[in-house]
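Observations on the model geometry
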Amino acid sequence: MKILQFNESLCIGCHNCEETCSKVYFKTEDISKARLRITEKVDDFNRFKGCNQCGDCIDVCPEGAIYRMKNGAVTVDKKICVGCMMCVAFCSDFHYHDDYVEPYKCLSCGACSRSCPTGALTMKVEG
Amino acid sequence: MKILKEYKYDFTEIIHGYNNRSLKINLSDMKIESKQISEEMKQKFVGGKGFGLRYLWDAVTPETKWNSPENEIVISSGPVGGITQYPGSGKSIVVTLTPLNDTPMDSNVGGHFGPLLKFSGWDALELQGKADKEVIVYIDGNEGIIKIMESNIETIDSHILSEELTEMFAKDETDKRNYSIVSTGSAARYSNVAMLNFTFYDVKRKKVRLKQAGRGGIGRVFNDKGIKALVIKYEGVKSDLNNPANISKINRAGIRFHKEMNRYDDEQNGMRKIGTANIVEVMNDYDLLPTHNFKFGSHKDIAKIESKVFIEKYITQNIYDGCWHGCSMSCAKAADDFKIKTGPYAGHKVIVDGPEYENAAALGSNIGVFCPETILELNFYCDTYGIDTISFGTMVAFAMECYENKVFTKEDTGLDLSFGNIDSALELIHQIADGRGFGKIVGMGIKFMKKYFIENFDADPKFMFDIGMEQKGLEFSEYMPKESLAQQGGYGLTNKGPQHDEAWLIFMDMVNNQIPTFEDKAEALHYFPMFRTWFGLVGLCKLPWNDVTPHSNKYSKEPAKMPEHVQNYVDIYNGVTGKNVKIDDMIEESERVYNFQRIFNIRMGYGKRTNDKIPYRSMGPVTIEEYLSREDRYDKQLKEIVGYNLTNKSTEEKMAVLREYRESQYEKLTDAVYKRRGWSKDGVPTIEKLKELGMDLPELVDIVSRHL
């Protein structure tokens, strides 16, 4: 399974990763719709929030809409999800946007790492 | 099944929580019609219970009885009902004229029916008339088809019936989640306290679950109308189906609340572990747990039925138990694979919903049963037979006290009804379901029993009225109001009878001493009943309001009101409807419906001061045994508050003085509450009050004018 890795010392806060993520999944470069978060810090390293695909959220979903895909990443079945937001409250790696009913999360597709100009984001194979 | 009537309808868009139309089905002539809902109807009655009461008023006359064909059962959720982001948003309110005294009854229930009804295109469902042959009413909310079918199903009891119907209608396992069934059970054929079960499909357990519209005998009306079941299907539930005006407000409030549950539930109430039964031992500790027909407030054997026992031995942990989508409070707990020992399902392994607090107290301490397995078995049979657990417990407790006082004997009834007799309690429940033996009498409710015992067993009427814990025909729910004047008002000064859904003030009054004066109590008996009424207008459950406490409450001037959660409700209500209301506006919305219901009661001959009196058992010690059990407390009150010299006084003398004092306190409280609510001394809403609320409708003014 591939997991997103972050090297804080290389991040320049360009937000290419978030724009790319939003574009891949929602056809718009709107970082509020990205499935990962880079928070810029003054006089400190930037912070990264991204899913490690631990799967603890699977049991949290009352509808049984969260499952692990064949590639190991955890995702939401939009057909089953009713948009209750319990996963969003349970784990900060779930995201939602008022434009969409269903919450969403990182699927370890790697598009963000490929758009990273400094190599701060990489995909590492684990497990 | 033979189709007796089919009706096709088109869909209209839900706008800000409303379809703006309701469905009326008359079972006598099989007429099905769509009715428009006016802006005025929404403005004055909001939805849910408000719509139910308005439709019922229009359907009946002052002469209508519970079993008259024109009586209706109305089911409605409310404008907020069906959102999935905020806990407790799937309630239905059911309204009918109750067999207990032929006045309007309302009962709220979880399960999926109400929201699915709305998403199927209908803000309310009116069921009127009586079918010649037993029918099933099927609503397909995706196809836009309603069918009335002649039932060919022999099963009567809810736990099997609702499973059979789900299996019969759903095309596969995945489809089952789209169904909700409404049914009752065997007891509905005979008992005045029969209730309705509303289902939801538990996708984790792969089982049909039951939630109850418990209070007031609505199941009996359902059965009398010849309805076997209501079946609804709607596939495609999502958080935006109400077409909310501002989904952002709803999302944010929901996530905020879910986080609070994650953070605080384990250290606070443990609602996700055991639901409302978490307070069994708390009530016992504060001497508030009804024990032996409300004689006492605690019992030495409490450890046998405290919440820990159910958590550790019976109730499945770490599984989602919400009765509507998105309820992170998840209190609809269940005991899986529970083996039944008696009755027609002996040997079956079943799923038992609960026990909720009320069930543990009603089926446990109040009838002297301190056996968790008996509580669960009674709970199971109450549910599947369609018997209200609260009324069952309070009725049996009354019968047991009568038996212990030799009002009747074992020879009269065939049963040893001593407190705590497990075999007799179980036998009684089967008798109620079959309408046989002494169970047939008990199943008619305490109001009926009192009269029956006076007429047939020569019982002392005064004693019957003192210990029979009913008012307006409805049995008391399971809190001891004896030492809390405010809670006596919370039970007595209600519309439908002594049920804690209007005001639960015991802790504010007794434990925290937050409402010491009559005026304070009257204010609480205005605000809380109105605030709680509002939940029933919009389709919400009350529990998430105060069964977890937000951090901000520590700094609140009015912690009992839970201001942060009230703000959540303002947000989600405005978020759905696009209104811009504040809490005061919500209280006023409730006041309109509350006063309407009060006048409806008066119209039916049952809503004035004389009907707000409560049995003395709920106010003070009826017997010497009770007085002596709290002698220090009562002596102290007589000495310090009443100023009574106790020297050389017998217990009987002290009891008489205490009674006079306590009854006068209740009268003073009644005066203060009526004044605060804008009612006359006789409990009739004044015309000025109706004008102030914009409820000076001619039909209301006509009623109150005759009583002012």
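Let's shift gears to the overall build of chain A. What chain A contains, in helices and strands, is four helices and eight strands. From first element to last, N terminus to C terminus, chain A shows the α and β order β-α-β-β-α-β-β-α-β-β-α-β. The C-alpha atoms of chain A give a radius of gyration of 14 Å, which matches the 14 Å a tight globule of 127 residues would have. If you line up chain A on its principal axes, its C-alpha atoms span 40 × 35 × 25 Å. Taken over 127 residues, chain A has a buried fraction of 48%. Counting contacts in chain A only where the partners sit at least 6 residues apart, residues at least 24 apart contribute 53% of the total. The centroid of the 16 positive side-chain charges in chain A is displaced by 7 Å from the centroid of its 17 negative side-chain charges.

As a further point, take the pattern of salt bridges. Residue and element names in this part refer to chain B. If you walk through the whole model with that rule in mind, you get 67 salt bridges over all chains. Across the pair Asp 612 and Lys 472 runs a salt bridge whose closest N-O atoms are separated by 2.7 Å. Of this pair, Asp 612 sits in the loop between α23 (583-603) and α24 (624-629) while Lys 472 sits in the loop between β16 (470-471) and β17 (474-475), and the two are 140 residues apart along the sequence. A relative accessible area of 0% places Asp 612 in the buried class. Residues Lys 681 and Asp 671 are paired through a salt bridge, measuring 3.6 Å at the closest nitrogen-oxygen approach. Note that Lys 681 is positioned in the loop between α26 (651-677) and α27 (687-693) and Asp 671 in helix α26, a separation of 10 residues in sequence. By sharing partners, the salt bridges in this structure join Asp 202, Arg 205, Arg 209, Asp 321, Lys 333, Asp 336 and Asp 353 into a single network.

What follows is about the interface of chain A and chain B. Across the contact, 22 residues belong to chain A and 22 residues belong to chain B. Note on chain A versus chain B: buried area summed over both sides is about 1,700 Å², and carbon and sulfur give 56% of it. At the boundary of chain A and chain B, one finds one salt bridge. Between Glu 102 of chain A and Lys 238 of chain B there is a salt bridge; the shortest N-O distance is 2.8 Å. At the boundary of chain A with chain B, the tally comes to 14 residue pairs in polar contact (both at pLDDT 80 or more). When residues of the side of chain A that touches chain B are traced back to their parent elements, those giving at least two are α2 (57-60) and α3 (86-90) of chain A. If one sorts the elements of the side of chain A that touches chain B by residue count, α3 of chain A sits on top with four residues. When the residues that make up the side of chain A that touches chain B are grouped by side-chain class, the tally is 14 nonpolar, two polar and six charged.

The next point concerns the sheet that holds strand β10 (residues 179-183) of chain B. All names here are of chain B. The strand order across the open sheet formed by seven strands is β1-β9-β8-β13-β10-β11-β12, and the pairing between neighbours is mixed. One side of each edge strand has no neighbouring strand; the edge strands of this open sheet are β1 (3-8) and β12 (207-213). The average undirected angle you get between the axes of adjacent strands in this sheet is 15°. Direction of pairing for strand β8 (residues 135-140) relative to strand β13 (residues 227-233): parallel, over a ladder of six bridges. Bridged to Ile 139 within β13 is Ile 232.

This part is about helix α16 (residues 446-457) of chain B. In an α-helix, one turn spans 3.6 residues, which is why side chains three or four residues apart end up on the same side. All names here are of chain B. For α16, the full list of buried residues reads Ile 446, Met 449, Lys 450 and Phe 453. On an axial view of α16, the arc spanned by its buried residues comes to 105°, and they lie on one face. Residues of α16 that are exposed and point over 90 degrees away from its buried face: Lys 451 and Glu 455. Those residues of α16 that are buried are in contact with α12 (389-404), α15 (437-442), α17 (461-467), β16 and β17. Downstream of α16 by a residue or two, Asp 458 has a phi angle that is positive, lying close to 60°.

Below, the discussion takes up the environment of Lys 295 of chain B. Residues and elements named next belong to chain B. Mapped onto the elements, Lys 295 comes out in the loop between α8 (280-285) and α9 (307-313). For Lys 295, a relative accessible area of 5% translates into the label buried. The spacing of Lys 295 and Tyr 179 is 116 residues in sequence and 44 Å in space, taken between C-alpha atoms. In contact with Lys 295, other than residues within four places in its own chain, are Glu 401, Phe 419, Met 480, Lys 482, Arg 617, Glu 625 and Glu 626. A polar contact is formed between the side chain of Lys 295 and the side chain of Glu 625, at a distance of 3.1 Å.

Residue and element names in this part refer to chain B. Strand order in the open sheet formed by six strands is β3-β2-β7-β4-β5-β6, and the pairing between neighbours is mixed. Looking at the sheet topology across the chains shown, the edges are occupied by β3 (31-36) and β6 (104-109). In this sheet, neighbouring strand axes are inclined to one another by 15° on average, regardless of whether the strands run parallel or antiparallel. Pairing of strand β2 (residues 21-26) with β3, which is carried by six bridges, proceeds in the antiparallel orientation.

All names here are of chain B. For helix α25 (residues 631-642), the complete set of buried residues consists of Tyr 634, Asp 635, Gln 637 and Leu 638. Taken end-on, α25 shows its buried residues confined to a sector of 160°, consistent with a single buried face. Of the residues in α25, the exposed ones pointing more than 90 degrees away from the buried face are Asp 632, Lys 636, Lys 639, Glu 640 and Ile 641. Contacts made by the buried residues of α25 are with α24 and α26. Directly after α25, the chain includes Gly 643, whose backbone phi takes a positive value near 75°.

A separate point is the domain arrangement of chain B. Residues and elements named next belong to chain B. Segmenting chain B into domains produces domain 1 (3-233), domain 2 (265-475) and domain 3 (485-548 + 581-705). Contact residues are listed per partner, giving 47 residues for domain 1 and 44 residues for domain 2. Carbon and sulfur atoms supply 54% of the area buried between domain 1 and domain 2, which totals about 3,500 Å² over both sides. Taken as a group, Val 193, Arg 205 and Arg 215 account for 19% of the area that domain 1 buries against domain 2, more than any other trio of residues on that side. When the shortest N-O distance is used, the salt bridge between Asp 321 and Arg 209 registers 3.1 Å. Summed over the shared surface of domain 1 and domain 2, the number is 26 residue pairs in polar contact (both at pLDDT 80 or more). Mapped by element, the contributors of at least two residues to the side of domain 1 that touches domain 2 are α3 (113-119), α4 (158-169), β11 (196-202) and β12. With five residues, the top contributor of residues to the side of domain 1 that touches domain 2 is β12.

Definitions and limits used
Residues numbered from 1 in each chain as written. Chains lettered and ligands numbered in written order. Predicted model: local features only at pLDDT ≥ 70, side-chain atom pairs only at ≥ 80, totals over all residues. Heavy atoms only, no water. Helix = DSSP H or I, 4+ residues; strand = E, 2+ residues; numbered from the N terminus. Rg over C-alpha atoms; globule rule 2.2 N^0.38 Å. Buried < 20%, exposed > 50% of the residue type's maximum accessible area, 1.4 Å probe, protein only. Contact = heavy atoms within 4.5 Å. Lys, Arg positive; Asp, Glu negative; His and termini not counted. Charge placed at Lys NZ, Arg CZ, Asp CG, Glu CD. Salt bridge = Lys/Arg side-chain N within 4 Å of Asp/Glu carboxyl O. Buried area = accessible area lost by both parts, 1.4 Å probe. Polar contact = N/O pair within 3.5 Å; in protein donor to acceptor, adjacent residues only side chain to side chain. Nonpolar A, V, L, I, M, F, W, Y, C, P; charged D, E, K, R; others polar. Pairing = 2+ DSSP bridges. Axes fitted to C-alpha atoms, helices over the stretch in contact; angles between N-to-C directions. Arc of directions from axis to C-beta. Domains from an automatic or database assignment.

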